[in-house]
Amino acid sequence: MNKAIKFTSLFVLFGLLILIRFFEDELFYDPYLTFFQNDYLYIDSPRREVFKVTLFTSLRYLLNTVISLGILYVVFKDKSMLKFSALIYAVSFVLLIGIYLYFVVNPRQEDYYLFFNLRRFLIQPIILILLLPAFYYNKIKT
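Computed from a predicted model, the values in this text were never measured in an experiment. (Residues numbered from 1 in each chain as written. Predicted model: local features only at pLDDT ≥ 70, side-chain atom pairs only at ≥ 80, totals over all residues. Heavy atoms only, no water.)

### Details of the overall build of the protein
Helix and strand counts for the protein stand at seven helices and zero strands. Secondary structure elements in the protein, listed N-terminal to C-terminal, are α-α-α-α-α-α-α. The 142 residues of the protein split such that 36% are buried. For the protein, the computed accessible surface area is about 9,100 Å², with 68% contributed by carbon and sulfur atoms. (Helix = DSSP H or I, 4+ residues; strand = E, 2+ residues; numbered from the N terminus. Buried < 20%, exposed > 50% of the residue type's maximum accessible area, 1.4 Å probe, protein only. Areas by Shrake-Rupley, 256 points an atom, 1.4 Å probe, with all protein chains shown as cover.)

Below you can see the structure in the form of structure tokens.
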């Protein structure tokens with residue numbers, strides 16, 4: 001893959017992540033978006049449909065995961081690294097969605113900070129931000 005195609009691919013993939021973030025209100029059902037902007041200081045947990053919010057959070061995680069795996073492949077071109085990353089994403093999803101569901105079903109004001117930060121791992125590509133430098137460091141060390 002020549003440099004022009006590589007940089008164009010990365011530009012498109014990072015652009016997709018930005019578009020997901022920019023259009024999150026239109027694309028996904030998530031009553032916690034506005035709740036955590038300011039409302040958590042004044043009201044209890046917002047009304048929500050547990051199945052729907054879990055489904056849309058999972059969809060957003062899946063979209064971010066597929067795009068993130070694409071970015072990792074374009075950067076490193078290593079299928080074993082891609083498989084390992086997919087495993088990390090899968091295990092992370094199972095663990096995070098279980099804890100997320102606990103907080104959605106049992107909202108307590110003293111848990112909002114932990115819930116807010118846990119939710120970020122599901123709706124934002126934070127795992128990519130962790131994996132890119134880790135794999136880069138591993139690549140230069142070997």
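From this point, things continue past the structure.
### Structural notes on the environment of Phe103
Positionally, Phe103 belongs in helix 5 (residues 79-105). C-alpha of Phe103 to C-alpha of Leu114: the two residues are eleven residues apart in sequence and 9.1 Å apart in space. Contacts of Phe103, omitting those with residues within four sequence positions, involve Asp111, Leu114, Phe115 and Leu118. (Contact = heavy atoms within 4.5 Å.)

### What about the pattern of salt bridges?
Tallied over the entire structure, the rule returns three salt bridges. Close ionic contact of Glu110 with Arg108 constitutes a salt bridge, the shortest N to O distance being 3.1 Å. For Glu110, a relative accessible area of 60% gives the class exposed. (Salt bridge = Lys/Arg side-chain N within 4 Å of Asp/Glu carboxyl O.)

### So, a nonpolar patch on the surface
A contiguous nonpolar patch, built from Phe11, Val12, Leu16, Leu19, Phe22, Phe23 and Leu27 and spanning about 720 Å² of accessible area, is present on the exposed surface. Element by element, the count of residues in the nonpolar patch is highest for helix 1 (residues 3-22), at five residues. The topology assignment puts Phe11 in helix 1. On the basis of relative accessible area, Phe11 is assigned to the exposed category, the value being 67%. (Patch = residues over 30% accessible without salt bridge, like charges linked within 9 Å, V, L, I, M, F, W, Y side chains within 5 Å.)

### Focus: the packing of helix 1 against helix 4 (residues 50-76)
Packing of helix 1 against helix 4 leaves a shortest axis separation of 10 Å and a crossing angle of 165°. Accordingly, the angle class assigned to the pair helix 1 and helix 4 is roughly antiparallel. In this structure, helix 1 meets helix 4 at a crossing whose hand is left-handed. Contacts between helix 1 and helix 4 involve Lys6, Ser9, Leu10, Leu13, Phe14, Leu16, Leu17, Ile20 and Arg21 from the first element and Arg60, Leu63, Asn64, Ile67, Gly70, Ile71, Val74 and Val75 from the second. When its residues are assigned to classes, the contact of helix 1 with helix 4 shows eleven nonpolar, three polar and three charged. (Axes fitted to C-alpha atoms, helices over the stretch in contact; angles between N-to-C directions. Parallel < 35°, antiparallel > 145°, perpendicular 65-115°, else oblique. Left-handed = near helix turned anticlockwise from the far one by under 90°. Nonpolar A, V, L, I, M, F, W, Y, C, P; charged D, E, K, R; others polar.)

### Section: helix 6 (residues 112-123)
With twelve residues, helix 6 should reach 16 Å at 1.5 Å per residue; the first-to-last C-alpha distance of 16 Å fits that figure. Within helix 6, the full set of buried residues consists of Tyr112, Phe115, Leu118, Arg119, Leu122 and Ile123. Viewed end-on, helix 6 has its buried residues packed into an arc of 135°, placing them on one side of the element. The exposed residues of helix 6 that point more than 90 degrees off its buried face are Tyr113 and Leu114. (Expected span 1.5 Å × (residues − 1). Arc of directions from axis to C-beta.)

### Quick look at the packing of aromatic side chains
Per the stated rule, a full pass over the model turns up eight aromatic pairs. Ring centres of Tyr61 and Phe93 lie 5.1 Å apart, and the angle between their planes is 35°; this geometry places the pair in the tilted category. Within this pair, whereas Tyr61 is found in helix 4, its partner Phe93 is found in helix 5, the two being separated by 32 residues in sequence. Ring pairs connect the aromatic residues Tyr100, Tyr102, Phe103 and Phe115, which therefore count as one cluster. (Phe/Tyr/Trp six-rings, centres within 6.5 Å; stacked < 30°, edge-to-face > 60°.)

What is shown is where atoms sit, not what they do.
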